[in-house]
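Understanding the architecture of this molecule
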Amino acid sequence: MTAVSNIYPTASLQAIDAAHHIHPFTDTKELNEEGTRIITRADGVWLTDSDGNRIMDGMAGLWCVQVGHGRPEIADAVHKQMSELSYYNTFFKTTHPPVVALAEKLAQLAPPHMNHVFFCSSGSEANDTVFRMVRHYWAQMGKPEKQVIIGRWNGYHGSTVAGTSLGGMKAMHEQGNMPIPGVHHVDQPYWFGEGGDMSSDEFGIHVARKLVQAIDEIGEDKVAAFIAEPIQGAGGVIIPPETYWPEVKRILKERDILFVADEVICGFGRLGTWFGSEYFGLEPDLMPIAKGLSSGYLPIGGVLVSDRVCEGLIDKGGEFYHGYTYSGHPACAAAALANLEIMESENLIGYVADDIGPYLQQRWKALGDHPLVGEARMVGLMGAIELVPNKGDRSVKFAHEGSVGTMCRDLSFQNGLVMRAVRDSMIISPPLVLSHEEADLLVATTKKTLDATYNELKRTGQV
Ligand SMILES: *Cc1c(COP(=O)(O)O)cnc(C)c1O
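None of the values given here were measured: they were computed from a predicted structure.

Observations concerning a negative patch on the surface
A surface patch of negative charge is lined by Asp27, Glu30, Glu33 and Glu34. Mapped onto the fold, Glu33 is located in helix 2 (residues 28–34). For Glu33, a relative accessible area of 63% puts it in the exposed group.

Some words on the domain arrangement of the protein
Looking at the protein, the domain boundaries give domain 1 (37–67 + 349–459) and domain 2 (73–345). The C-alpha centroid of domain 2 is placed 27 Å from the C-alpha centroid of domain 1. Here domain 1 meets domain 2 over a buried area of about 2700 Å², counting both sides, of which 62% is carbon and sulfur. Contact with domain 2 buries surface across domain 1, with Ile349, Met382 and Arg394 losing the most and accounting together for 29% of the total. The interface formed by domain 1 and domain 2 includes zero salt bridges. At the junction of domain 1 and domain 2, the tally comes to 15 residue pairs in polar contact (both at pLDDT 80 or more).

Brief notes about helix 11 (residues 210–218)
Restricting attention to buried positions, one finds in helix 11 the residues Leu211, Ala214, Ile215 and Ile218. Mapping the buried residues of helix 11 onto a view down its axis gives an arc of 95 degrees, with all of them on the same face. Where the residues of helix 11 are buried, they touch strand 5 (148–152), strand 6 (183–186), helix 10 (200–208), strand 7 (223–228) and helix 12 (244–254). In the stretch just after helix 11, Gly219 is the one whose phi turns positive, near 100 degrees.

Description of the pairing of strand 7
In terms of residue burial, strand 7 counts as a mostly covered element, since six of its six residues are buried. Bridge count for strand 5 against strand 7 is three bridges, and the pairing is parallel. When the bridges of strand 7 are listed, Val148 appears paired with Val223. Where strand 7 meets strand 8 (residues 258–261), four bridges bridge the pair, whose relative direction is parallel. Bridge pairing links Phe226 to Phe259 in strand 8.

Quick look at the pattern of salt bridges
Under the counting rule described, the total for this entry stands at 21 salt bridges. Note that Glu73 is salt-bridged to Arg71, the shortest N-O span being 3.1 Å. Its relative accessible area of 14% is what places Arg71 among the buried residues. Here Lys249 ties to Glu283 by a salt bridge, and the two come within 3.6 Å at their closest N and O atoms. On the criterion of sequence distance, the pair formed by Lys249 in helix 12 and Glu283 in the loop between helix 13 (276–280) and strand 9 (286–289) is long-range, its members being 34 residues apart. Judged by its relative accessible area of 49%, Glu283 falls in the partly exposed class. Within this structure, Lys143, Asp256, Asp285 and Arg308 form a network of salt bridges that share partners.

Conventions used here
- Residues numbered from 1 in each chain as written.
- Predicted model: local features only at pLDDT ≥ 70, side-chain atom pairs only at ≥ 80, totals over all residues.
- Heavy atoms only, no water.
- Patch = residues over 30% accessible without salt bridge, like charges linked within 9 Å, V, L, I, M, F, W, Y side chains within 5 Å.
- Areas by Shrake-Rupley, 256 points an atom, 1.4 Å probe, with all protein chains shown as cover.
- Salt bridge = Lys/Arg side-chain N within 4 Å of Asp/Glu carboxyl O.
- Lys, Arg positive; Asp, Glu negative; His and termini not counted.
- Charge placed at Lys NZ, Arg CZ, Asp CG, Glu CD.
- Helix = DSSP H or I, 4+ residues; strand = E, 2+ residues; numbered from the N terminus.
- Buried < 20%, exposed > 50% of the residue type's maximum accessible area, 1.4 Å probe, protein only.
- Domains from an automatic or database assignment.
- Buried area = accessible area lost by both parts, 1.4 Å probe.
- Polar contact = N/O pair within 3.5 Å; in protein donor to acceptor, adjacent residues only side chain to side chain.
- Arc of directions from axis to C-beta.
- Contact = heavy atoms within 4.5 Å.
- Pairing = 2+ DSSP bridges.

Shown next as structure tokens:
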């Protein structure tokens with residue numbers, strides 16, 4: 001065995017990492033000075049670091065470990081698959097049993113009008129596929145001029161060139177001259193941050209209608225698709241006002257454009273439904289998926305395709321010149337199948353919808369009473385807390401955006417809970433197998449962390 005496990009002391013692993021490893025979404029210079037944290041084991045909702053500390057994984061890795069860490073069922077399924085057929089491609093008129101079974105399974109789980117899936121290895125690749133698929137669809141349907149894709153500011157659709165462009169992260173756009181041509185962005189339904197004097201319901205309608213404006217400006221004959229996350233994840237768990245999705249749905253019904261619901265986070269039980277589209281009653285034409293599809297055990301993603309899109313993509317004939325070496329990788333498909341089997345046999349969807357979801361939501365929302373908290377929100381097992389200097393006034397923000405969030409995140413880690421900071425809001429998205437006791441501990445640790453953050457801000461005169 002040559003696997004590098006915990007055989008080196010923490011400091012020397014950190015030194016080697018600093019010498020050779022460029023981390024994603026990281027100021028590597030800063031990290032190298034600080035030293036990275038080393039995770040050596042994980043089981044259930046618990047991580048263990050190289051110094052033996054146990055830390056609760058409040059983010060399910062990166063929003064993906066639905067069934068919890070260390071499930072032997074998935075490891076065994078992958079081992080068995082790799083022993084029989086570790087790799088073969090799905091180009092050139094071939095297929096293999098695990099990819100066939102997974103495609104069928106996904107068609108069963110997806111809304112009734114979605115019966116096909118295209119496989120890839122990540123959410124970013126899924127959205128690259130979407131980009132090419134929607135343009136190809138319209139070309140096949142005799143409308144090749146329909147090319148523009150409308151996304152939303154502060155949306156996240158991955159980090160490849162297409163993903164970065166479709167997403168609305170301005171800091172990402174600034175690096176490397178994105179977005180690429182043919183992408184347009186409209187405002188996000190972020191009432192807490194951008195709702196001004198409007199009520200949440202008024203703002204939902206107001207911001208939905210920005211889509212009408214954009215379509216009319218660009219010209220409906222040039223717009224191919226609208227892409228959005230049911231709930232924005234990386235953007236800060238932005239739960240739209242109740243009026244938003246019904247109004248967007250109404251608008252899309254009147255317009256001849258495709259709707260892409262990016263289900264990479266909201267899919268596979270995160271909201272207590274198989275897909276976020278189900279939760280909000282959306283009827284998308286395409287659904288990019290990844291993350292929870294395999295609980296992150298192996299990399300796999302895909303695009304679920306509606307019967308409408310299949311008319312252009314399949315029925316009209318002709319080759320779609322698109323695919324990946326690892327499209328439908330057998331070991332990854334086996335991991336996904338084993339993961340979905342666990343989700344079904346343990347009824348994790350029902351558990352999130354009717355049990356642990358409401359249980360955690362109630363306790364999480366009660367944190368809204370804390371003097372540092374402007375709003376605590378959660379749907380399913382996906383929540384956020386807005387940290388504010390002046391409780392009761394949404395318009396007042398901290399002086400250096402993000403610094404309080406970062407401080408709170410670091411304190412949380414010290415207290416034994418991984419939360420993520422987005423600007424000055426705190427995010428959680430725990431594994432769906434979270435127990436009641438673990439939920440209590442998650443909330444107690446968050447409370448303790450909020451107190452510590454508040455005390456530090458008081459000490460330094462920031463609140
Ligand atoms: C994470 C994410 C992606 C990108 O997925 P990767 O697997 O990191 O490429 C795309 N869309 C959404 C909504 C995501 O949260």
